[in-house]
Amino acid sequence: MAFPHRPDAPELPDFSMLKRLARDQLIYLLEQLPGKKDLFIEPDLMSPLDRIANVSILKQHEVDKLYKVENKLVLSSNEQLCFLVRPRIKNMYYIANLVKADKLAGRTRKYKVIFSPQKFYACEMVLEEEGIYGDVSCDEWAFSLLPLDVDLLSMELPEFFRDYFLEGDQRWINTVTQALHLLSTLYGPFPNSYGIGRCAKMSYELWRKLEEEEESETKSRRPEIGHIFLLDRDMDFVTALCSQVVYEGLVDDTFRIKCGSVDFGPEVTSSEKSLKVLLNADDKVFSEIRNEHFSNVFGFLSQKARNLQSQYDRRRGMDIKQMKNFVSQELKGLKQEHRLLSLRRCQLGMRGEVTVPPADAAKGLYFPRRDPWLLVGGGLLWSQMGKSTSTFCLKIFFLWTIKRHPSRTSNVSSLFVILADIGACESIMKKKTKQDFQELIKTEHALLEGFNIRESTSYIEEHIDRQVSPIESLRLMCLLSITENGLIPKDYRSLKTQYLQSYGPEHLLTFSNLRRAGLLTEQAPGDTLTAMESKVSKLVTDKAAGKITDAFSSLAKRSNFRAISKKLNLIPRVDGEYDLKVPRDMAYVFSGAYVPLSCRIIEQVLERRSWQGLEEVVRLLNCSEYSFAGMWCGGCGWGCHLVLVCQCGAEATDPTDMTKEDRASSESLRLILVVFLGGCTFSEISALRFLGREKGYRFIFLTTAVTNSARLMEAMSEVKT
Amino acid sequence: MNWTKGDEEEYWNSSMFKAFTFDDEDDELSQLKESKRAVNSLRDFVDDDDDDELERVSWSGEPVGSISWSIKETAGHSGSTHEGREQLKNRNSFSSYAQLPKPTSTYSLSSFFRGRTRPGSFQSLSDVLSDTPAKSYAPELGRPKGEYRDYSNDWSPSDTVRRLRKGKVCSLERFRSLQDKLQLLEEAVSMHDGNVITAVLIFLKRTLSKEILFRELEERQVALRHLIYFLKEIGDQKLLIDLFRFLDRTEELVLSHYREHLNIQDPEKRKEFLKTCIRYRELRSDLRSTMSLYPYGDDFGLVEFVFFLCKKEILTSWPSTSLPFSAEDSAHIQDHYTLLERQIIIEANDRHLEAAGQTEIFRKHPRKASILNMPLVTTLFYSCFYHYGEAEGTFSSPINLKKTFKIPDKQYVLTALAARAKLRAWHDVDALFTTKNWLGYTKKRAPIGFHRVVEILHKNSAPVQILQEYVSLVEDVDTKLNLATKFKCHDVVIDTCRDLKDRQQLLGYRSKVDKGSAEEEKIDAILSSSTHNLYGAQIQQCWRALPLGKFHYFTRSVQKFYLG
């Protein structure tokens, strides 16, 4: 469990500065509107806001009441209204309606709109058209990077996926480049850049332009992060569409991790109240199990509890001095924990919901000031005895421990996290067995490996007929389509018809979306394209071939998954059982059946420090024009970025000003920033963390949002559930 | 990254200091930028002459790139060289500003912290982070610039686009010729920033006739995609449909028309609207009434929409019912219409029945929600639930639904089974699977496989007798045993084990049945009667070696351990 990093693995930079920056900027913006004001917050911004500020900070800056930006109009009596929104057209209409209603009523108020992370001209246009342009003042809150964890930065822009990959709108590219620029300003330049995908290329180009324009000082700084890798989500839809079996991914699939925390419902906490738990590296237990294959986790938790139980037993024999030591150690942790707890309380208070802080979560329970592990052990003992960790059992246990050891202190919230973890495990197990999880996984693996396609198709069919969740059915269809280069026309028709019958005819629009995004397509009659393509590509140069391939791909976007999988050896050959406890490769995140394509690409490129030797893969990915590798040139002092290898390494030229030592030193930097444009999954994160441990790298993830198969499908769905 | 306390303080001070210096309006700032640009372009002259200069010195004698220099650069006023020189004098006052003592109180840092009023507000960070600020601010100077020109009013397309990218307000009015406009658009597209592309498109949309706009965009796919999405977002359906029409994108045209039905709440109106998507003939005769339903007012009516379709000769193949795009999708929309039509009838009828309170089924099982706008399968379930026995002629009968929508057998059986099982109408369930052959013999047959039948029955908590009957019909023996064990159909397990002559399994199962029950007796009877059985001989020997009691205990604990 939780393998340590290699001793030569670099330290992660401290990203908490980003939070502070964002918070201070928000405060500044709030102070721009002096006096009491009501704050209207976009629902999607609430969770990110929770992570950097809390109600008391807002109150300190004279925020009076908080409202959600919703469809219904709110009656606010305040003289100043402040809106904190994403730059969306519908928000503009909402604000316009509010202002117009005021005008009708003859009321004058001050309005301020703060766009996060930036404002769009289209929004201003709406304000202008609605005749309220001068009445509201606009500002930008450039809060584009939220550190969700020590190594995970999220832009919290789930709409990026739909906006770009479905609608072809590039509005967020500038936001991405601004974020990259901020990172390079704070943490030094990134000497080596690689990327694949159209959006990656564009972001990279715009970012370079920005770096050149802004007289940034990055070049004189010593780089900390050695490599940056930009990757488009559409390079690898397959990985994102698979069911996740790594613990964190599974929790995300089952309970939806939102902005780094998860709401455990009553079925997990075994009480009426739901419990909000922050999931990150600060939580020691969680950080040990998050990257593990799910099958190991439950056993691990029990083991942990048992260990602690015995530790506790040992402690009972301590003398006074030892006891003092122990308590002071414990207190240290407690302080930290306490801070977290109060923070959490504030966050919860801020949401204006009735969720209670963990301390009150199990109402009626008096918290024993004791080692939580004992309690967990108790809970586990109960669960091992065939009973679930029900409140009742725990209650008895609590009472018993209070009576016996009233003086000890304990880490209350970590107790709850573990309890929640155990509860989550149980709940997942229940759900997964109910849903024939095994059968589902089997089907997925069959699709990935490309055998028993007929069987898988009829499995999907049955899924649809039984009206199992629409998202799940859609996901399987997409997986089938991508792995098979599109569905056979006959299958496509029948699956589509059945889908529309089961889940509603308006999904016609969803199917149209999926086809446009290349997620669910129909095979072109006859597979003539491939033969022609390969012939052509052999005849002409790489560049031209890329163009031709792209031309073809626009006709019928081919995923070529099978060929890529073969080329990159994504399906590991396993002799005997794959030991999930001691993973051999990144495939462990999918039970040893499949190495995530995105991670494999990153691994290969990092190994070669270029795309050389991967030309065929790049061609199969339809990305001949959109793969690049560049090197920042530190020597010349201009911070110019020489694109070394474009068009698959064909035109490698050495930067003149760069000495060999410089290159060597920059290449030896083992901190790697991976940018996922369109979202990444927890499985991918786990896989790369594993790779990092193996090779002595540390990965930092920057994603437009953490995603999973359900989120991708919902983004494509026209019918809002 | 580790910041020392000093660093931090300096950072905040420096940002304060910046705020202090630039406490002016955005507009002014942008003007300041101009002068810098002017100077920058002048720099290029110098560069050309002298490639390997040692230190760049501005007119004021300060090294180019030093902080105070850059501040003065940005503080300069106009772009002309002459004025630039004049500015130099003023700048001196700025440098004295810069030397003002830094505020010492750090109480409300944020009040000094400037938001992003100028590009790169975070520059202040880097100012501090770099050890040698004197060498900064170079890259822009290094950029090759076009010939020098007066920037004060006339922005080149690239400068305009750059300004737009930084979020500045920027008038586009001076781009009046088509060529200028297109150049601007191309520049925006080459920058990749979608926000800017949209900004330019908004301008083009306002200043170009749609024919010209569409024509030019047809060759510029990136911009075109932005326009389409923009129109979708602001809900300019009229222009969007015009655009699709121009582009000959019939499918998107119809789908975007079809999408509108989602905004119509009233079921009658929705139905009528769907009709406009499918029926051309009626549409024509009935145009006036449907027009009023069309959500985009009168100026763009359905007439135009329909005539367009006629013109495109889509309608030649469409005089009856088919749609102008793939026959398949048109059939789906047709089905949608028919379904809603049915649902409206059923809903009206059933609401009446329910209110009257005469019908038993509605009294016993009051409806939880209206059937309107539900998927077909749900509708089928509903009709199997409330209208099962009805004659085929009625709209609400399941058989009628099945025929109308060509519901596959599998789907029908699955749904009907779920509905009847929910009502615990086991006779209906029985009838569902019973087929008579021509000789009059009855036989059970399930198109979905009996293992599914069993699962569904179990989900609806069917009694063991019923379950047992269907479990025994499962063909695959392993599945049968699994299901029987899972659902405690003891007889089936015992019989199957007996047929398989699997003594061990039977023994194991013995511990699962209640002590002293009929099942236990049955097992014991089988076990004892089959002692001489050949197949069981070997297992039996093993068994005999163990005392019965112990073995019993063993299986129990094993079972408990593994099966929980």
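Residues numbered from 1 in each chain as written. Chains lettered and ligands numbered in written order. Predicted model: local features only at pLDDT ≥ 70, side-chain atom pairs only at ≥ 80, totals over all residues. Heavy atoms only, no water.

Quick look at the packing of aromatic side chains
Residue and element names in this part refer to chain A. Tallying each qualifying case throughout the model produces 32 aromatic pairs over all chains. Centroid distance Phe15 to Tyr187: 5.0 Å. Interplanar angle 70°. Geometry classified as edge-to-face. You can see Phe15 sitting in the segment before helix H1 (16-31) and its partner Tyr187 sitting in helix H7 (residues 173-187), a full 172 residues away along the chain. Judged by its relative accessible area of 4%, Phe15 is buried. Geometrically, the ring pair formed by Tyr492 and Phe511 is edge-to-face, given 6.5 Å between the ring centres and 80° between the ring planes. Here Phe511 lies in helix H23 (residues 508-517) and Tyr492 lies in helix H22 (residues 489-503), a separation of 19 residues in the sequence. Side by side, Tyr492 and Phe511 carry an identical accessibility label, which is buried. (Phe/Tyr/Trp six-rings, centres within 6.5 Å; stacked < 30°, edge-to-face > 60°. Helix = DSSP H or I, 4+ residues; strand = E, 2+ residues; numbered from the N terminus. Buried < 20%, exposed > 50% of the residue type's maximum accessible area, 1.4 Å probe, protein only.)

What to know about the domain arrangement of chain A
Residue and element names in this part refer to chain A. Per the domain assignment, the segments making up chain A are domain 1 (15-142), domain 2 (144-236 + 570-643 + 659-720), domain 3 (255-344 + 412-432) and domain 4 (433-524). Taken residue by residue, the interface counts 16 residues in domain 2 and 12 residues in domain 3. The interface formed by domain 2 and domain 3 contains two salt bridges. For the salt bridge of Glu714 with Arg256, the shortest nitrogen-to-oxygen distance reads 2.8 Å. Taken together, the links from domain 2 to domain 3 amount to nine residue pairs in polar contact (both at pLDDT 80 or more). Among the secondary structure elements, those contributing two or more residues to the side of domain 2 that touches domain 3 are strand E6 (146-149), helix H30 (682-695) and helix H31 (709-716). The element that contributes the greatest number of residues to the side of domain 2 that touches domain 3 is H30, accounting for four residues. When the residues that make up the side of domain 2 that touches domain 3 are grouped by side-chain class, the tally is seven nonpolar, two polar and seven charged. (Domains from an automatic or database assignment. Contact = heavy atoms within 4.5 Å. Salt bridge = Lys/Arg side-chain N within 4 Å of Asp/Glu carboxyl O. Polar contact = N/O pair within 3.5 Å; in protein donor to acceptor, adjacent residues only side chain to side chain. Nonpolar A, V, L, I, M, F, W, Y, C, P; charged D, E, K, R; others polar.)

Digging into a nonpolar patch on the surface
A cluster of nonpolar side chains, Trp438(B), Leu439(B) and Tyr441(B), forms an exposed patch at the surface whose accessible area comes to about 470 Å². Here Leu439(B) shows up in the loop between strand E1 (434-436) and strand E2 (442-444). (Patch = residues over 30% accessible without salt bridge, like charges linked within 9 Å, V, L, I, M, F, W, Y side chains within 5 Å. Areas by Shrake-Rupley, 256 points an atom, 1.4 Å probe, with all protein chains shown as cover.)

A few points about helix H12 (residues 221-234) of chain B
One turn of an α-helix holds 3.6 residues; hence residues three or four places apart share an orientation. Residues and elements named next belong to chain B. For H12, with 14 residues, the first-to-last C-alpha span of 20 Å sits near the 20 Å given by 1.5 Å per residue. Buried within H12 we find Val222, Ala223, Leu224, His226, Leu227, Ile228, Tyr229, Phe230, Leu231 and Ile234. Remark: Gly235 follows H12 within two positions and exhibits a positive phi of approximately 75°. (Expected span 1.5 Å × (residues − 1).)

Some points on the sheet that holds strand E3 (residues 80-85) of chain A
All names here are of chain A. The strand order E2-E1-E3-E4-E5 describes an open sheet built from five strands, whose pairing is parallel. For this open sheet the edge positions go to strand E2 (63-68) and strand E5 (136-140), each flanked by a neighbour on one side alone. Put simply, the sheet's adjacent strands are angled 20° from each other on average, direction ignored. Summarising the sheet, strand E1 (residues 37-41) and E2 pair through four bridges and their orientation is parallel. Residue pairing across strands places Lys37 opposite Val63, the latter belonging to E2. The strands touched by H1 within the sheet are E1, E2, E3, strand E4 (110-115) and E5, with E5 carrying the most contacts at an inclination of about 165°. Against the sheet, helix H2 (residues 43-52) contacts E1, E2 and E3, and its axis sits at roughly 105° relative to E1. (Pairing = 2+ DSSP bridges. Axes fitted to C-alpha atoms, helices over the stretch in contact; angles between N-to-C directions.)

Quick word on the packing of helix H5 (residues 121-129) of chain A against helix H10 (residues 194-207) of chain B
Here H5(A) crosses H10(B) at 40°, and the two axes come no closer than 8 Å. Residues Tyr121(A), Ala122(A) and Met125(A) of H5(A) form the contact with H10(B), whose participating residues are Asn195(B), Thr198(B), Ala199(B) and Ile202(B). Residues of the contact of H5(A) with H10(B), tallied by class, amount to five nonpolar, two polar and no charged.

Notes on the pairing of E4(A)
Residues and elements named next belong to chain A. Counting buried residues in E4 gives five out of six residues, a clear majority hidden from the surface. Once the chain exits E3 it traverses helix H4 (residues 89-104) before rejoining the sheet at E4, and the crossover so formed is right-handed. Here E4 runs beside E5; their pairing, made up of five bridges, is parallel. For Tyr111, the partnering residue across the bridge sits in E5 and is Val136. Since E4 and E5 lie parallel, the crossover through H5 that links them has a hand, and here it is right-handed. (Right-handed = clockwise from strand over helix to strand, strands pointing away.)

Some points on the pattern of salt bridges
When the charged atoms of two side chains lie near each other, side chains of opposite charge can form a pair. Following the criterion strictly, the structure yields 69 salt bridges over all chains and no others. A salt bridge links Glu213(A) to Arg165(B); the nearest nitrogen and oxygen atoms lie 2.8 Å apart. Of the two residues, Glu213(A) sits in helix H8 (residues 198-213) while Arg165(B) sits in helix H8 (residues 157-165), which places them in two different chains. There is no split in this pair, since Glu213(A) and Arg165(B) are both buried. With its nearest N and O atoms 2.0 Å apart, the salt bridge here joins Glu462(A) to Arg452(B). With one member in each of two chains, Glu462(A) in helix H20 (residues 453-465) and Arg452(B) in helix H25 (residues 450-459) form a pair that bridges those chains. The class for Glu462(A) is partly exposed, based on a relative accessible area of 25%.

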